[in-house]
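Per-entry structural report
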2 protein chains.
Amino acid sequence: MNFNQVTIKDIARELGISPSTVSRALKDHPDISPETKRLVNELAEKLNYQPNVVALSLRSSKTNTIGVIIPEIVHFFFSTIISGIEDVAYSAGYNIIITQSNESLAREKSDLKALFNSRVDGMLMSISRETVDFEHIENILSKGMPIVFFDRIYDTPGSSKVIVDDKVGAKEATLHLIEQGCKRIAHLEGPPNLHISKQRLEGYREALSEAGLPFDESLVALCPKGTTEEGKLATEKLLSLKTKPDAIFASNDPAAMGAMQAIRQAGLKIPKDIAIVGFSNWQLSSLMEPPLSSVDQPGYEMGQEAARILIRHIELKSKKKPEPAPEVKLLKTRLIVRESSVKK
Amino acid sequence: MNFNQVTIKDIARELGISPSTVSRALKDHPDISPETKRLVNELAEKLNYQPNVVALSLRSSKTNTIGVIIPEIVHFFFSTIISGIEDVAYSAGYNIIITQSNESLAREKSDLKALFNSRVDGMLMSISRETVDFEHIENILSKGMPIVFFDRIYDTPGSSKVIVDDKVGAKEATLHLIEQGCKRIAHLEGPPNLHISKQRLEGYREALSEAGLPFDESLVALCPKGTTEEGKLATEKLLSLKTKPDAIFASNDPAAMGAMQAIRQAGLKIPKDIAIVGFSNWQLSSLMEPPLSSVDQPGYEMGQEAARILIRHIELKSKKKPEPAPEVKLLKTRLIVRESSVKK
DNA sequence: TTGAAAGCGCTAACAA
DNA sequence: TTGTTAGCGCTTTCAA
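Note that the structure is predicted; figures quoted are calculated from it, not measured.

Time to look at the overall build of chain A. For chain A, the helix and strand inventory stands at 13 helices and 12 strands. Its C-alpha atoms give chain A a radius of gyration of 27 Å, more than 25% over the compact-globule value 20 Å for 344 residues. Based on the C-alpha atoms only, the size of chain A along its principal axes is roughly 95 × 40 × 35 Å. Buried residues in chain A amount to 54% of all 344 residues. In chain A, 72% of the contacts between residues at least 6 apart in sequence involve partners at least 24 apart. Surface summary for chain A: the accessible area is close to 15400 Å², and the carbon and sulfur share equals 52%.

Right, let's talk about the UniProt feature "domain: HTH lacI-type" (unreviewed entry) in chain A for a bit. UniProt records the feature "domain: HTH lacI-type" (unreviewed entry) for residues 6-60 of chain A in the present numbering. Note that residues 6-60 of chain A is 69% helix and 0% strand, and that its end C-alpha atoms are spaced 21 Å apart.

This part is about the nonpolar core. Of all hydrophobic cores here, the largest spans 79 residues; its most connected members are A:Leu188, A:Phe249, B:Leu188 and B:Phe249. Core analysis: the next-biggest nonpolar cluster, separate from the first, contains 54 residues, B:Phe77, B:Val88, B:Ile309 and B:Ile311 among them.

With 59 residues of chain A at the contact, the number on the chain B side is 59 residues. In this structure, the connection of chain A to chain B is made through 4 salt bridges. Residues A:Arg107 and B:Glu86 are paired through a salt bridge, measuring 2.7 Å at the closest nitrogen-oxygen approach. Counting only elements with at least two residues in the side of chain A that touches chain B, the list comes to α4 (53-60), α5 (76-91), β2 (95-100), α6 (105-117), α11 (253-265), α12 (282-287) and α13 (299-318) of chain A. Sorting elements by how many residues they give to the side of chain A that touches chain B places α5(A) first, with 8 residues. Considered class by class, the residues forming the side of chain A that touches chain B number 23 nonpolar, 24 polar and 12 charged.

Let us look at α11(A). Residues and elements named next belong to chain A. Between its first and last C-alpha atoms α11 spans 18 Å; for 13 residues at 1.5 Å apiece the expected length is 18 Å, and the two agree. Summarising burial for α11: 10 of the 13 residues are buried, a large majority. Within the sequence span of α11, burial applies to Asp 253, Ala 255, Ala 256, Met 257, Gly 258, Ala 259, Met 260, Gln 261, Ala 262 and Ile 263.

According to the domain assignment, chain A consists of domain 1 (3-51), domain 2 (59-164 + 299-332) and domain 3 (166-297 + 335-341). The distance between the C-alpha centroids of domain 1 of chain A and domain 3 of chain A comes to 65 Å.

Moving on to helix α9 (residues 195-211) of chain A. In an α-helix there are 3.6 residues to a turn, and that puts residues three or four apart on one side. Residue and element names in this part refer to chain A. Its 17 residues give α9 an end-to-end C-alpha distance of 25 Å, which sits within 8% of 24 Å, the value for a rise of 1.5 Å per residue. For α9, the complete set of buried residues consists of Ser 197, Arg 200, Leu 201, Gly 203, Tyr 204, Ala 207 and Leu 208. When α9 is viewed along its axis, its buried side chains cluster within an angular range of 155° and face the same direction. Of the exposed residues in α9, those oriented more than 90 degrees away from the buried face are His 195, Ser 209 and Glu 210. Buried residues belonging to α9 abut α8 (166-179), β6 (185-189), β7 (220-222), β8 (247-250) and β9 (275-280). Among the residues trailing α9, Gly 212 stands out with phi positive, at a value near 75°.

Moving on: the sheet that holds strand β12 (residues 334-336) of chain B. Residue and element names in this part refer to chain B. With respect to topology, 6 strands assemble into an open sheet ordered β7-β6-β8-β9-β10-β12, the strand pairing being mixed. Edge positions in the open sheet fall to β7 (220-222) and β12, since each of these has one partner strand only. Neighbouring strand axes in the sheet, compared pairwise and without regard to direction, differ in orientation by 20° on average. As defined by bridge partners, strand β6 (residues 185-189) adjoins β7 across 3 bridges and the pair is classed as parallel. Looking at β7, one finds that His 187 is bridged to Val 220. Lying over the sheet, helix α9 (residues 195-210) contacts β6, β7, β8 (247-250) and β9 (275-280), oriented at roughly 170° with respect to β6. Across the face of the sheet, helix α10 (residues 228-239) comes into contact with β6, β7 and β8 while running at roughly 150° to β6.

Averaged over all residues, the pLDDT of chain A is 93; the fraction at 70 or higher stands at 99%. The spread of mean pLDDT over the elements of chain A runs between α12(A), the lowest at 76, and strand β3 (residues 122-125) of chain A, the highest at 98.

Before going further, it helps to examine empty space enclosed by the protein. Applying the stated criterion across every chain yields a total of 3 cavities of 30 Å³ or more. Estimates place the volume of the largest cavity at around 80 Å³. Looking at the largest cavity, the residues that line it are A:Met257, A:Met260, A:Arg264, A:Leu287, A:Met288, A:Glu289, B:Met257, B:Met260, B:Arg264, B:Leu287, B:Met288 and B:Glu289. For the lining of the largest cavity, the secondary-structure elements that each account for two or more residues are α11 of chain A together with α11 (253-265) of chain B. The residue inventory of the lining of the largest cavity, partitioned by class, reads 8 nonpolar, no polar and 4 charged. Counted as a void, the second largest cavity has a volume near 70 Å³. Looking at the second largest cavity, the residues that line it are A:Val74, A:His75, A:Phe76, A:Ser79, A:Gln283, B:Val74, B:His75, B:Phe76, B:Ser79 and B:Gln283.

This next bit is on the relation of the copies chain A and chain B. Superposition record for chain A on chain B: RMSD 0.1 Å, screw rotation 180°, translation along axis 0.0 Å. Such a combination of rotation and displacement between the chain copies is what one expects of a two-fold axis. Of every C-alpha in chain A, the one belonging to A:Ile97 sits nearest the axis of rotation, 2.3 Å from it. Here 100% of the contact residues of chain A are again contact residues in chain B; the copies associate through an equivalent surface.

Moving on to the protein's contact with DNA strand D. In the vicinity of DNA strand D, 24 residues are found, and the nearest of them are A:Tyr49, B:Ser20, B:Thr21, B:Thr36 and B:Arg59. At the protein interface, 62% of the atoms of DNA strand D within 4 Å belong to sugar or phosphate. Within the side chain of A:Arg24, an N or O atom sits 3.1 Å from a base oxygen of DNA strand D. B:Arg59 is positioned with one of its side-chain polar atoms (N or O) 2.6 Å from a base nitrogen of DNA strand D. Sorting the residues of the surface near DNA strand D by element identifies α1 (8-15), α2 (19-26) and α4 of chain A together with α2 (19-26) and α4 (53-60) of chain B as the ones contributing at least two each. Looking at the surface near DNA strand D residue by residue, the classes come out as 8 nonpolar, 9 polar and 7 charged.

Let us look at the pattern of salt bridges. Where charged atoms from two side chains of opposite charge come close, those side chains can pair. According to the stated counting rule, one finds 36 salt bridges over all chains in the structure shown. For the salt bridge of A:Lys37 with A:Asp28, the shortest nitrogen-to-oxygen distance reads 3.0 Å. Since its relative accessible area comes to 15%, A:Lys37 is described here as buried. In this structure, B:Arg107 engages A:Asp87 in a salt bridge whose closest nitrogen and oxygen atoms are separated by 3.8 Å.

Rules and cut-offs
- Chains are numbered independently. Their residues run from 1 in the order of the written sequence.
- Chain labels run from A onward and ligand labels from 1 onward, assigned in the order the entries are written.
- At least 70 in pLDDT is required for a residue's local features to be given in this predicted model, at least 80 for side-chain atom pairs to be given and counted, and no such filter applies to totals for whole chains, interfaces and linings, which use all residues.
- The basis for every side-chain value is the complete set of non-hydrogen atoms in the structure, without hydrogens or water.
- Secondary structure elements follow DSSP: runs of H or I of four or more residues count as helices, runs of E of two or more count as strands, with numbering from the N terminus.
- For the radius of gyration, the atom set is restricted to C-alpha positions; the globular benchmark scales as 2.2 Å times the number of residues to the power 0.38.
- Buried means the residue's accessible area, taken with a 1.4 Å probe over protein chains only, is under 20% of the maximum for its type, while exposed means over 50%, and partly exposed covers the values in between.
- What makes two residues a contact is simply this: any of their non-hydrogen atoms within 4.5 Å.
- Residue-level accessible areas treat just the shown protein chains as cover; the underlying method is Shrake-Rupley with a 1.4 Å probe.
- UniProt positions are given in the numbering used here, feature names are shortened, and annotations may be inferred rather than shown by experiment.
- Nonpolar cores were defined as sets of buried Ala, Val, Leu, Ile, Met, Phe, Trp, Tyr and Cys residues, with membership established by side-chain atoms within 4.5 Å.
- Definition used for salt bridges: Asp or Glu carboxyl oxygen within 4 Å of a side-chain nitrogen of Lys or Arg.
- Charged residues are taken to be Asp, Glu, Lys and Arg, nonpolar residues to be Ala, Val, Leu, Ile, Met, Phe, Trp, Tyr, Cys and Pro, and polar residues to be all remaining types, Gly included.
- In a helix, the anticipated span is given by 1.5 Å times the number of residues less one.
- Source of the domain bounds: an automatic or database domain assignment.
- By construction, the arc corresponds to the directions joining the helix axis to the C-beta atoms.
- Pairing between two strands requires that DSSP report at least two bridges joining them.
- Here, axes are lines fitted to C-alpha atoms. For helices the fit covers the stretch in contact, and angles between N-to-C directions go from 0 to 180 degrees.
- A score from 0 to 100, pLDDT tells how confident the predictor is in each residue.
- Here a cavity means grid points, on a 1 Å grid over the protein atoms only, where a 1.4 Å probe fits yet cannot get out; a pocket means an open set of points with protein on both sides within 12 Å along at least five of seven lines; lining residues are those with an atom within 4 Å of a point.
- Grid points are joined across faces, edges and corners, and a volume is the space filled by probe spheres set on the points.
- Fitting of the copies onto one another was done by least squares over C-alpha atoms, counting residues only where both copies have pLDDT of at least 70.
- Here a residue is considered near a molecule or strand provided that any single heavy atom belonging to it is located within 4 Å of it.
- Pairing of N or O atoms within 3.5 Å defines a polar contact, subject to two protein rules: one partner must be a possible hydrogen donor and the other a possible acceptor, and residues neighboring in sequence count only if both atoms are side-chain atoms.

As structure tokens, this is what we get:
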């Protein structure tokens, strides 16, 4: 769009000097006389000169733009990540272009291509649920595009990634319940095709084993879709066991919410009869009744960290430094203890 | 960043023709012979030629990019809006650059400037809470930048805007309660400095008056910050009135959540003793216990509509058509009826 | 200390 | 039907 912005030429013409001199004066080149610098800078100020970044990009082959591919924007965790990315990028002078794949592989492919064609300097990417082959990503990587993966990563040795340590988070949550005196801790397991579900189950097992408690198969209930309804049903089953559980560690907040409903309807009290801890959505868990103890995922940090790593790669690359080694960052979760798991 | 992409020159050299011929052949110019076109297109395909959009932007003074300024990304309503914007922009071949002001005027100003300098073709903007003077916006508008405001608008006659009809939404919610047989409907009023709070109160009054019910000052309780705690406290007061309300219309979901807590703690049943309707966050309200009836804000539609209007403006402008008349779009809310307000 | 010229990749008016 | 040239705005090498 043509907004009739002032150019270097305009300044040069007005001052009766050449564009190259203006260019040099503006960037404080040592060759230029102080007097000329003063004149140029004053006029630039007066005319409100702003360099044309498009021209700069063309010349330098650098757009100062980062492309982001995310499965879904409308999701607390992902929007938190975007916020983290935005903050770091902003401070470093980068724009971010956002695309959402809507969990579709086709859309992810076209986003990837569009961002590549927009000549972004690097990309941050979390893959869609449909993504099972990675040719489209390999293709872009092979052209030298720096990509940092986060959360839903493409697990290839050559690239950097930022993930959350779900196993340790789950372990801490379970240990917290054990510290409260719980002996029969049930686990509502999340969608089994997701890596994170396995990690959370694993953390739960490790905690039990570390505390010398038995692992009881009948206390693990699958919630394949992670919905409230499933959580409720699964909990109803658990409550009908001969020896009821005295605590529940839920793999996700909706399931935890369902569990709460079932517990309430059975006439039991939280946390007196059954303590409960959820996983992942700070916003929701604070609003539950009673407020839900929860393993908080560090979305903001994840966005920040991914952006930092990417920008580091970009800047090294543009300085033609040796290829930086891929970095893998494992972020800690934070256990937020609220009423639902504190036995008095 | 230099990804050694194939250029028109490369194709020209390989084929022993001139770059301009290649350029023309690629865009199916009538002057070029079918044979040349075939050769060019085949080679372009083979070499995977992709036009350099930065060069195109420089030449055409058009970046095919829309800038978005939003107060906060991590907010269900706003992220829904972004999603709507993204979908429309994507279909029309535009990228979106997102910035968040974090409710800070200083940040809003610098975002505005950065986007302008990035030569975006137009902007979509929702102003920050701190924004009370509009010089920075006027400044950009005066340069001819198309801006469409949404939700938190800058109410100037010359520009297009998309807003939600909060008054009608509130009225419908209140009428719904009246239809359920409620006679003493309380209102939890939101932050009084926000335009929307006034609109919602107004809709509530209109509904009462239309139904021939009296407006009772003592049934309106202010929740100045819109928190759960305030909602709880306000409701406790309402429940201590000599004649209790039989329904509550809450100006926002956290307040509604607080009201539910207070009602439950007083040993009353929802909706048997008191029915309740909230405003605005679909995601939260579906998870409440019982699921909360709610006036849903059309965030996705808002994003779509704003993007559509902006793109229309941009395309008219680039065709040097006469300045399009500003459009004002008033979006309808949707009343989602759930258990909390249905009296059997 | 400054200027002329070339070039980043592309398109379009003009020439042939 | 195709090629030459100029130019979008900027930087930088080379020359003065």
